[in-house]
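# Observations on the model geometry
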Amino acid sequence: MRFSTTSTAVALAAITTLALTSCAANESGGTTSTSDGAALSGTIAGIGASSQGSAQEAWIASFQTANADVTINYSPDGSGAGRKAFIAGGVAFAGSDSALNDEELAGSFGSCAADSTAIDLPVYISPIAVIYNVDGVDNLKLDAATLAKIFKGDISTWNDPAIAALNPDATLPSANITRVNRSDDSGTTKNFSDYLFQNVPKIWDAEPADAFPYTGGEAAKGTSGVADAVANGTNTIGYADASAAEPRNLNVAEIKVGDKFVAFSPEAAAAVVDASPLAEGRGENDLAITIDRTTTEANTYPLVLVSYIIACQEYSDPNTASIVSSYLNFIASPEGQKEAADKAGSAPISDSLSEKVTAAIGTIK
């Protein structure tokens, strides 16, 4: 199916670069007030998930239009880099396609007030697209087992019997498969791995993590790096946030859910998230979600990522807290979610999840 429509030193080096550039220029417009009635003013920065890149550009442009004295910088260096930078205290927030793990939560956070923890706020839902560029193939169907074998390297040619059985009407070349994975620590990789691990653990036997677990493929940095490698290569396949497929006119595979093959859509991705519970054993305002990727329900797409903004429960600087909470309230609002849907093709979070996110943002100080 073709879509023609979108260790500390490293982190601190990225922060230095980030401080020199802004993701969007300020424009004149209305203002949002702080809790004491003063207009917002100041600069904050974030680093993180490249999947959020297009959405962050849209969110920042709109927010700065309404708050002329605020500058927000976001560098899409990857989820792992974002969490490291936030933990090191170099940025006010992080974007991450995976929530903070137990070890990270048990540590300290440099941007936060002493003894304060951080919270995960789900604000961006997007399908993960299985993108491909194969000679003569414009409609590809894959199930979890075949997808796992391709990315593990157990299936190495496009006319392999397992692929052919799922695609009887396709003319599959005998060419070798070039599989492209992320080279950097990536929440997209962790979500992709989690989908395969939950569905076919005997094949995909590596625990989900930000680092891609197997060798032998081509590696590229960031969402755009993977998408460009697939688009510019031959007989390639990769995985990326769905927003990367449209601008490159990339083919996207359908995946098998139950006994049907399903194309990605924001609605099908959101349906899986709404049916999934919050993670257990976390703080009251932490909204990490445990996604059930083994669903067989019709019109769902379980190869999905939930991307978070990671923020302090309490900041050491009150002005930073005011800007962050105001910005996050905009992101979680219907207007902010529509901006992301329009510019990045994401799925707006549901009303019920939005209420939970907004309530948690209200506790930031």
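Placed above this text is the structure.
Read on for a plain summary of the structure. Being a predicted model, the structure only gives us computed values, none of them experimental.

### Focus: the overall build of the protein
Regarding its fold elements, the protein presents 12 helices and 12 strands. The buried share among the 365 residues of the protein stands at 55%. When the accessible surface of the protein is split by element, carbon and sulfur atoms take 48% of a total near 14600 Å².

### Quick word on the sheet that holds strand β11 (residues 260-262)
Here we have three strands laid out as an open sheet, ordered β5-β10-β11, and mixed in their pairing. Each edge of the open sheet is held by one strand with a lone partner, namely β5 (141-142) and β11. Bridging between strand β10 (residues 254-257) and β11 involves three bridges; their strand directions are antiparallel. By the bridge assignment for β11, Ile255 is matched with Val262.

### Some details on the side chain of Glu339
Its place among the elements puts Glu339 in helix α11 (residues 334-344). Given the relative accessible area of 17%, Glu339 is considered buried. Once residues lying within four places of it in the same chain are set aside, the contact partners of Glu339 are Ala58, Trp59, Ser62, Phe330 and Ala344.

### Focus: the nonpolar core
Of all hydrophobic cores here, the largest spans 112 residues; its most connected members are Trp59, Phe86, Ile131, Phe151, Ile237, Leu328 and Val357. Looking at this core, the element that brings in the most residues is strand β4 (residues 118-133), giving 11 residues.

### Concerning the pattern of salt bridges
Taken as a whole and judged by the stated rule, the model has 11 salt bridges. Salt-bridge contacts for Asp205 lead to Lys152; the nearest nitrogen and oxygen are separated by 3.4 Å. In this pair, Asp205 is assigned in the loop between α7 (187-199) and β7 (218-220) and Lys152 in helix α5 (residues 144-152), connecting sequence segments 53 residues apart. On the basis of relative accessibility, which here comes to 49%, the residue Asp205 falls in the partly exposed class. Judged by its relative accessible area of 21%, Lys152 is partly exposed. Between Asp228 and Arg248 there is a salt bridge, with the nearest N and O atoms lying 2.6 Å from each other.

### Side note on the packing of helix α2 (residues 53-66) against helix α10 (residues 318-332)
Running from amino to carboxyl end, α2 crosses α10 at an angle of 115 degrees, the nearest separation of the two axes being 10 Å. With respect to α10, the element α2 is oriented roughly perpendicular. For the pair α2 and α10, the sense of crossing is right-handed. Across the interface between the two elements, Gln56, Trp59, Ile60, Ser62 and Phe63 from α2 touch Ile323, Ser326, Tyr327, Phe330 and Ile331 from α10. When grouped by side-chain class, the residues that make up the contact of α2 with α10 number seven nonpolar, three polar and no charged.

How each quantity is defined
Residues numbered from 1 in each chain as written. Predicted model: local features only at pLDDT ≥ 70, side-chain atom pairs only at ≥ 80, totals over all residues. Heavy atoms only, no water. Helix = DSSP H or I, 4+ residues; strand = E, 2+ residues; numbered from the N terminus. Buried < 20%, exposed > 50% of the residue type's maximum accessible area, 1.4 Å probe, protein only. Areas by Shrake-Rupley, 256 points an atom, 1.4 Å probe, with all protein chains shown as cover. Pairing = 2+ DSSP bridges. Contact = heavy atoms within 4.5 Å. Core = buried A, V, L, I, M, F, W, Y, C linked by side-chain atoms within 4.5 Å. Salt bridge = Lys/Arg side-chain N within 4 Å of Asp/Glu carboxyl O. Axes fitted to C-alpha atoms, helices over the stretch in contact; angles between N-to-C directions. Parallel < 35°, antiparallel > 145°, perpendicular 65-115°, else oblique. Left-handed = near helix turned anticlockwise from the far one by under 90°. Nonpolar A, V, L, I, M, F, W, Y, C, P; charged D, E, K, R; others polar.

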